[in-house]
Amino acid sequence: MAEVHPQNGGEYSPHDTELVLKAQREFDILSWQAFLALNWPQQSYESPQSSLNATSGQPLWSYWVPIEKIFLPNGARPQFPWNPAQQVKDAATNGISLTMTKAAWRQQASASDNFQAFSGPLVDQNGKWARYEALVDPEEYEYLYKNELYSIDGQIRFSNQDVNQSEVSMPLNSGNKKHGSIEIKLSWKELGPNDDRSRFYTKRVRVELSEPTNGGPPQYRTIDAGLVGMHIAMRTESSPEWIWSTFEQIDNVRQNPLEHGGLSHANFMNPALKNAPVNVLPAKNGDCTNGTNCQTWYENLTTTPVQTSRVQIPLQHGLNPIDDKISEAVAELNKQVQALLHSQGSVFQYYELIGTQWPVHKFAPAYAGGKGSAPESITNKTPGDVVPVFLVNTTMETYFQKGGQNAGCLEQDDRLPDNCTADSTPVTGTESCVGCHYSAGIATGWKRDMNGNPVIVNGVKQPIYGENGHFGRSAHASFSWMLQIETSKQNLGGEASTPARKRFSMHTPNRQP
């Protein structure tokens, strides 16, 4: 990659294109290897079964640490060291519990976050909501624990250390002796009578409903769930900006030919509605004031399926010059892997790699936005010269897929200099894993008013979170949104604090990303 030097706003020479595509295949193979390894049934945490199709054992990720067991009410100290065997035992006894769920991270969290990143719920073609979970590997958990990053107060202490020690740096791998940080997110759909269960990796799960509680306990329901999406983020020595892999079940937004004729049932798309608007967020309908000013969504009122589509991004000069070639290569690799899995009778033949983002030049600087800054402010929104430029999972970032828009919507506007106008250059794009996560920060202090008193909103003190403002790395969260969003629910700091809202834990079933 040292030979690759994009010119003219990100364009690659034929020679550079060939080198990047060769490397891309290696990263895509790694993505498939990670997907299968993480879903491989285990005899114990470090002892996999001999076959991917083994009927006993839990997947490797089920031994990992669910985020709700890291970020506890009032910033309490979590269990350490982690006991993966007990985690799996609890899950086997009680099932997997999908409560406090999310696909990615939202600025505001409620008692049941069955919503996508910075938006709302996704309703499948059966009128049921998608569910989401997230976990981290024990290596990352140890780092979070030892640096007390599981609480707002701990983050404030960390961020106010010596400048050379105050930047979050998730663990890197140590050669092939120890892997670095891995975060995963899973999306699930409730299987209905018209769903072919043989085409899904399935689990029996207990979900918390997004319904009004009227002061009582939350409502739960146990469902048969099929895996429809999986994010895998891996931090390595060669890719400190992380490697971002995302997978989906193949029927999510299209019908596929069945072996004995006919077409499969699409999970989130109705082929008969050819001209219907796509990727439209349902209107809020819960916690309303006099029937208006609704603040959230209730499941029983949100049952109209969301017509979901994958927005195809055309090639645009200097913006995404080789994204199409990368997509073609991914499709070819998928065929090869799916054929192998089909020959083994594995359910994972019905899954596909959507793409893998990776840094061509690690530590290459980001390019700040502003008027006239596109396409560089998009292609280099984050450090590392990351390719491909755009990458979304339709089950986790449905509403990021807006297509035509101003460049200012795609660049990281919190890095704009003061009084700088966002770029109005028209572009067609969606988002990307790394582009979203680059903005995450940790707490640096507590907001105070002009008199020096803590700012309290709804009885909760308001923390200040640092981000990558103005090319800086102050209080950067190493691309991990959970450090900001999960702690933002805590009410800490002693003075003027009030009891935190009760958090319903996952102590019964376990959960996933």
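Before reading on, note that the structure itself is shown above.
Since the model is a prediction, treat every value here as computed from it, not as a measurement.

Thoughts on the state of the cysteines
Taken as a whole, this structure holds 1 disulfide when the rule is applied. Linked covalently through their sulfurs, Cys-288 and Cys-294 form a disulfide whose S-S length is 1.9 Å. Residues Cys-288 and Cys-294 share a disulfide whose torsion about the S-S bond is about 105°; that sign makes it right-handed. Cys-288 gets classed as partly exposed once you look at its relative accessible area, which sits at 33%.

Describing the layout of surface pockets
Any empty space left between the atoms is revealed when a probe the size of a water molecule rolls over them. In this model, the second largest pocket occupies a volume close to 1,100 Å³. Lining of the second largest pocket is provided by 39 residues; of these, Arg-254, Asn-334, Glu-352, Leu-353 and Ile-354 occupy positions nearest its centre. Of all the elements in the fold, those that place two or more residues in the lining of the second largest pocket are helix H5 (323-343) and strand E11 (351-359). With 11 residues, H5 is the largest single contributor of residues to the lining of the second largest pocket. Tallied by class, the residues present in the lining of the second largest pocket amount to 19 nonpolar, 12 polar and 8 charged.

So, helix H3 (residues 138-146)
Of all 9 residues in H3, 7 are buried, a share of seventy percent or more. Turning to H3, its buried residues are Pro-138, Glu-139, Glu-140, Tyr-141, Tyr-143, Leu-144 and Tyr-145. Where H3 is buried, its residues touch strand E4 (65-66), strand E6 (131-136), helix H4 (152-159), strand E7 (182-190) and helix H8 (482-485). Downstream of H3 by one or two residues, Glu-148 has phi in the positive range, about 55°.

Some thoughts on the side chain of Asn-380
Here Asn-380 is to be found in the loop between helix H6 (376-379) and strand E12 (386-387). Taking the relative accessible area as the measure of exposure, Asn-380 reaches 16% and is therefore buried. In this structure, Asn-380 is in contact with Pro-365, Ala-366, Tyr-367 and Asp-385, ignoring residues within four places of it in sequence.

Structural notes on the packing of helix H1 (residues 14-39) against H5
For any two helices packed against each other, one specifies the crossing angle of their axes together with the interaxial distance. It is the contact of H1 with H5, at a shortest axis distance of 10 Å, that shows an interaxial angle of 35°. Both H1 and H5 take part in a crossing whose hand is right-handed. Of the residues in H5, those touching H1 at Thr-17, Leu-21, Gln-24, Arg-25, Asp-28, Ile-29, Trp-32 and Leu-36 are Lys-325, Ile-326, Val-330, Leu-333, Asn-334, Gln-336, Val-337 and Leu-341.

Points about H5
Helix length check: H5 (21 residues) gives 30 Å between terminal C-alpha atoms against 30 Å at 1.5 Å per residue, within 8%. For H5, every residue scored as buried is listed here: Asp-323, Ile-326, Val-330, Leu-333, Asn-334, Val-337, Gln-338 and Leu-341. Viewed end-on, H5 has its buried residues packed into an arc of 140°, placing them on one side of the element. H5 presents Glu-328, Lys-335 and Ser-343 as exposed residues on the side facing more than 90 degrees away from its buried surface. Among the residues trailing H5, Gly-345 stands out with phi positive, at a value near 70°.

Examining the nonpolar core
Residues Trp-32, Phe-35, Trp-61, Ile-184, Met-230 and Ile-232 are the most contacted members of the largest nonpolar core, which totals 61 residues. No other element matches H1, which puts 8 residues into this core. Listed in part, the 35 residues of the second largest apolar core include Leu-144, Trp-244, Leu-391 and Leu-483.

A look at empty space enclosed by the protein
Per the counting criterion, the structure on display carries 2 cavities of 30 Å³ or more. One number sums up the size of the largest cavity: a volume of about 160 Å³. Around the largest cavity, the lining comprises 19 residues; the ones closest to its centre are Lys-185, His-231, Trp-244, Cys-433 and His-437. Going through the elements one at a time, E7, strand E9 (220-234), strand E10 (243-249) and helix H7 (433-437) are the ones with two or more residues in the lining of the largest cavity. Looking at the lining of the largest cavity, its residues break down into 11 nonpolar, 4 polar and 4 charged. For the second largest cavity, the calculated volume is near 130 Å³. Lining the second largest cavity are 15 residues, and of these Ile-378, Lys-381, Val-389, Ser-432 and Gly-435 sit closest to its centre.

Describing the sheet that holds strand E1 (residues 41-44)
The 3 strands are arranged E2-E1-E3 in an open sheet whose pairing can be described as antiparallel. Only two strands of the sheet have a single partner each, and these edge strands are strand E2 (47-48) and strand E3 (58-59). Examined bridge by bridge, E1 and E3 share 2 bridges and lie antiparallel to one another. Note that in E3 the partner of Pro-41 across the bridge is Pro-59.

What counts, and where the lines are drawn
- Residues numbered from 1 in each chain as written.
- Predicted model: local features only at pLDDT ≥ 70, side-chain atom pairs only at ≥ 80, totals over all residues.
- Heavy atoms only, no water.
- Disulfide = S-S within 2.5 Å.
- Buried < 20%, exposed > 50% of the residue type's maximum accessible area, 1.4 Å probe, protein only.
- 1 Å grid on protein atoms, 1.4 Å probe; cavity = no way out; pocket = protein on both sides within 12 Å on 5 of 7 lines; lining within 4 Å.
- Points joined across faces, edges and corners; volume = space filled by probe spheres on them.
- Helix = DSSP H or I, 4+ residues; strand = E, 2+ residues; numbered from the N terminus.
- Nonpolar A, V, L, I, M, F, W, Y, C, P; charged D, E, K, R; others polar.
- Contact = heavy atoms within 4.5 Å.
- Axes fitted to C-alpha atoms, helices over the stretch in contact; angles between N-to-C directions.
- Left-handed = near helix turned anticlockwise from the far one by under 90°.
- Expected span 1.5 Å × (residues − 1).
- Arc of directions from axis to C-beta.
- Core = buried A, V, L, I, M, F, W, Y, C linked by side-chain atoms within 4.5 Å.
- Pairing = 2+ DSSP bridges.

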